[in-house]
Amino acid sequence: MSQAHYEVNGETAVIRLDNPPVNGLGLALRQGIVAGIKQAEGDEKVKSIVLIGSDRAFSGGADISEFGTPTMMAEPILTTVINYVESARKPVIAAISGACMGGGLELALGCHYRIATADAQLSLPEVKLGLLPGAGGTQRLPRVIGAEHAVNMIVSGAAVPAKKFQGTPLLDEVVDGDLLKGALALAGKVVKEGLPLKRIRDLKCQHPNPEGFFMFTRTTVGAMAKNYPAPLKCVDAVEAAVTKPFDQGMKVEQEAFAHLMQTPESAALRHAFFAERKASKISDVPSDTPVRDIKSVGVIGAGTMGTGISINFLNAGIPVTIVEMKQEGLDRGLTHIRSVYEGRVKKGRMSQEKAQACLDLLTTSLDYSPLSTVDLVIEAVFEELSVKESVFTKLDEVCKPGAILASNTSTLDVDNIAAFTKRPQDVIGLHFFSPANVMKLLEVVRGEKTANDVLATAMKLAKVIKKTAVVSGVCDGFIGNRMINQYQREAMLMLQEGASVQQIDKVIEKFGFAMGPLRMADLAGGDIGWAIRKRQYDEKPEMKRMVIADRICEMGRYGQKTGSGFYRYEPGNRAALHDPAVDQVVEDVRKELGITPRKISAEEILQRCVYALVNEGARILEEGIAQRASDIDMVYLTGYGFPVYRGGPMHYAQQVGLMNVMRAMEPFAENPNAEPGFWEPAPLLARCAESGKGFH
Ligand code: NAD
């Protein structure tokens, strides 16, 4: 069925793009537009042509379901479509509403005239996928809004409301009312007055000082873009729009596009883009599973996590009741929440009115009775099973039937927690990351008995509060912390074997992590990792002890919160400073353990940390704790500061080559200081490497 509906309205052919949800420019739509243009050209009664989309979108650009398939490059490709439109013998008017993104905007720029609703959103977001607009966007946009504005839009990928372009050659008209009516009127005027078929390609893009401008732009963009090649290529292409004739500029754009398509950075960004979409789907929970209505939320515990969690819901306009044990706890929590809103207002990120409206949605209580009416409760109390037991027993008594009972536990067994209630089907883990109002990741922990509609509700709710949700099965540490424990363990073992705190963190930060494993341990709180290790030592007495890390904790050095850990910290300052006291601990422990320190290379540090993630990730995948390798990548990209341009640990391993990863692991298994068995390749890793198919 055609995705471009053709009808004639008076003397104007109207081609309506119809590929919901956002008129992605898939093959059928591209064919439909070309057919429509031809039909209009062949109809003598037709004097002009209007291209129009839906209220939601003129077009969101390329059809993502075609990505990586031959259909994407099947003719007519987008540049062919744009050529048909631009060379049409009758005036073509783009009528723009909603999203006009990427290829959608490039299509509009190929039209002779453009009219838009004031709130339509125009953007060329390709840079976010490590690419640049490849259908003339870098050549036509500067010709209508000038090189400076065009560079800003293309390098940032940001959406700009149409009303900002009023009066520029980008938009001939901006309307508030009926778009089609406005477009038909504009078409009538063009025909009546015999106005020319304006082609943007024929305009000159001038700049008073192109050399100076592009030199300056390259410096600033280069400094910002660091590990991403696309932004500088965008600058090159816009420069070509200023300095070269159109067709030569198009060549520059196309060469840059082809080059960027091959870069690992773009591959990683495209992987992340699709990974995020896939993560929201649960393979055995149908997408039409009914969801429960969440109109109000209860949060238990007004500590670090409870307050951050509450802010998410307040921001989304959902009323929250926080329950605490003591008034002091409530007061502390409330002060924190208020200070977060005050900070946002001060920084101009939120209006005073909006902040107040959020705070007005918050109520507090020292008893559980107000929780009898809420639709969802999230528990964020101390990490002790007995405390969780008392909370969930009470919730089971108080909450209405059908209310979802969630725990934010990081390490405890959600199935055990569910068993404290008579409704385990309503119990789920909602594992937020600290600071919970900032971090994007939400691990949705699926208990053995968690009902499908509870899961579906959690996934939907995650979108409402703007989180990236990833489903995890129940295991020690779920996906993220179970893997990070292995990664940090390697860092701590290397410290014992001969590396320094600074060396380890530097290597990992150079790789692109937001912070190295030891700085991260200091930020998270050494006591938390220590408690986990102590439990694990009990459970697995054969486990390798991380003596230096334990010794540092024994000294009361829990990281930033105590002013010292693997580093020392000045009051009120988060900068991690070298601490000779730690060097002393390291030296003492090595002596006690009889370890002669050896020089550990940057390569070994990197491989042991990152491949520890990969190997454990493969185990997690094989056990079905994660649904897909890309979900593991999402956890690491959104929750652990893994460099986005490397696509997450599983994607990165594939880029390196799984055989190469396994090869690098061999000597680690022979290291007498290694955790026994850990460097045995996970069976899935070995199978994927041998089959050459990879994880995805
Ligand atoms: P916290 O100590 O900062 O806060 C816990 C709060 O719960 C305290 O204010 C305490 O008074 C209150 N509380 C304890 N028992 C209660 C009860 N029976 N009824 C009402 N209130 C009670 O702890 P936190 O860091 O916010 O951690 C809370 C939970 O979140 C834990 O399960 C933890 O594992 C998990 N978690 C923590 C982090 C983190 O980085 N801090 C990250 C993810 C998950």
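Thresholds, definitions, all that
- Residues numbered from 1 in each chain as written.
- Predicted model: local features only at pLDDT ≥ 70, side-chain atom pairs only at ≥ 80, totals over all residues.
- Heavy atoms only, no water.
- Near = heavy atom within 4 Å.
- Polar contact = N/O pair within 3.5 Å; in protein donor to acceptor, adjacent residues only side chain to side chain.
- Areas by Shrake-Rupley, 256 points an atom, 1.4 Å probe, with all protein chains shown as cover.
- Helix = DSSP H or I, 4+ residues; strand = E, 2+ residues; numbered from the N terminus.
- Nonpolar A, V, L, I, M, F, W, Y, C, P; charged D, E, K, R; others polar.
- Contact = heavy atoms within 4.5 Å.
- Axes fitted to C-alpha atoms, helices over the stretch in contact; angles between N-to-C directions.
- Parallel < 35°, antiparallel > 145°, perpendicular 65-115°, else oblique.
- Left-handed = near helix turned anticlockwise from the far one by under 90°.
- Phe/Tyr/Trp six-rings, centres within 6.5 Å; stacked < 30°, edge-to-face > 60°.
- Buried < 20%, exposed > 50% of the residue type's maximum accessible area, 1.4 Å probe, protein only.
- Expected span 1.5 Å × (residues − 1).
- Arc of directions from axis to C-beta.
- Domains from an automatic or database assignment.
- Pairing = 2+ DSSP bridges.

The environment of the ligand is formed by 22 residues, the closest being Met305, Glu324, Glu383, Lys388 and Ser410. Contacts to the ligand include glutamate 383, whose side-chain N or O atom sits 2.5 Å from an oxygen atom. Against a free-state accessible area of 820 Å², the protein chains account for coverage of 82% of the ligand. Elements that contribute at least two residues to the shell around the ligand include exactly helix 11 (304-315), helix 14 (385-398) and strand 16 (427-432). Top contributing element to the shell around the ligand by residue count: helix 14, with three residues. In the shell around the ligand, the residues fall into eleven nonpolar, eight polar and three charged.

This brings us to the side chain of glutamine 536. Its place among the elements puts glutamine 536 in helix 20 (residues 526-539). Setting aside anything within four residues of it in sequence, one finds glutamine 536 in contact with Asp476, Asn485 and Met543.

Note on placement: glutamate 497 falls in helix 17 (residues 478-497). Apart from residues lying up to four places away in sequence, glutamate 497 is in contact with Arg590, Ile595, Thr596, Pro597, Arg598, Ile600, Glu604, Arg608, Asn671 and Asn673. Within the local environment of glutamate 497, its side chain forms a polar contact with the side chain of asparagine 671, the two groups lying 3.0 Å apart.

Right, let's get into the packing of helix 20 against helix 21 (residues 547-554). Orientation of helix 20 relative to helix 21, taken along the N-to-C sense of each, is 125°, at an axis distance of 10 Å. With respect to helix 21, the element helix 20 is oriented oblique. Classified by chirality, the crossing of helix 21 by helix 20 is left-handed. The segment helix 20 lies against helix 21, with Gly526, Asp527, Trp530, Arg533 and Tyr537 engaging Ala549, Asp550, Cys553 and Glu554. Within the contact of helix 20 with helix 21, the residues separate by chemical class into four nonpolar, one polar and four charged.

This part covers the packing of aromatic side chains. By the definition in use, this model includes 14 aromatic pairs. The interplanar angle of 85° and the centroid separation of 5.7 Å between the aromatic rings of phenylalanine 511 and phenylalanine 642 together place this pair among those described as edge-to-face. Of this pair, phenylalanine 511 sits in helix 18 (residues 501-511) while phenylalanine 642 sits in the loop between helix 24 (629-639) and helix 25 (649-656); the two residues are 131 residues apart in sequence, bridging distant segments of the chain. On the accessibility criterion, phenylalanine 511 (4% relative accessible area) is buried. By relative accessible area, which is 2% here, phenylalanine 642 ends up buried.

Here helix 7 (residues 210-225) spans 21 Å end to end across 16 residues, near enough to the 22 Å set by a 1.5 Å rise per residue. Taken together, the buried positions of helix 7 are Phe213, Phe214, Thr217, Val221 and Ala225. Looking down the long axis of helix 7, one finds its buried residues gathered within 85° of arc, a one-sided arrangement. Those residues of helix 7 that are exposed and angled more than 90 degrees off the buried face are Glu211, Met215, Phe216, Thr219 and Ala223. Residues of helix 7 that are buried sit in contact with helix 5 (147-156) and helix 8 (230-243).

What follows covers the domain arrangement of the chain. Quoted interface sizes are often the accessible area lost when the parts come together. Once the domains are mapped, the chain shows domain 1 (4-261), domain 2 (297-472) and domain 3 (480-691). Centre-to-centre, using C-alpha coordinates, domain 1 lies 44 Å away from domain 2.

Look at the link from glutamate 75 to proline 76: it is a cis peptide, with omega at 0°. Tracing the backbone shows proline 76 in the loop between strand 4 (57-59) and helix 2 (78-86). With an omega dihedral of -10°, the bond running from serine 434 to proline 435 counts as a cis peptide bond. In this structure, proline 435 sits in the loop between strand 16 and strand 17 (441-445). A positive phi angle, near 55°, is found at asparagine 23, a position not held by glycine. Here asparagine 23 shows up in the loop between strand 2 (12-17) and helix 1 (27-42).

Turning to the sheet that holds strand 16, a few remarks are in order. As summarised here, the arrangement of the eight strands in space is 13-12-11-14-15-16-17-18, forming an open sheet in which the pairing is mixed. Strand pairing shows two members of the sheet lacking a second neighbour, strand 13 (362-365) and strand 18 (468-472), which therefore form its edges. Each adjacent strand pair in this sheet contributes to an overall mean axis angle of 25°, direction not counted.

In contact at an axis separation of 10 Å, helix 11 and helix 12 (residues 327-346) are set at 50° when each is read in the N-to-C sense. Here helix 12 runs oblique to helix 11, going by the angle between their axes. Here helix 11 and helix 12 pass one another in a crossing that is right-handed. Of the residues in helix 12, those touching helix 11 at Thr307, Ser310, Ile311, Leu314 and Asn315 are Gly333, His336, Ile337, Val340, Tyr341 and Arg344. Grouping the constituent residues of the contact of helix 11 with helix 12 by class yields five nonpolar, five polar and one charged.

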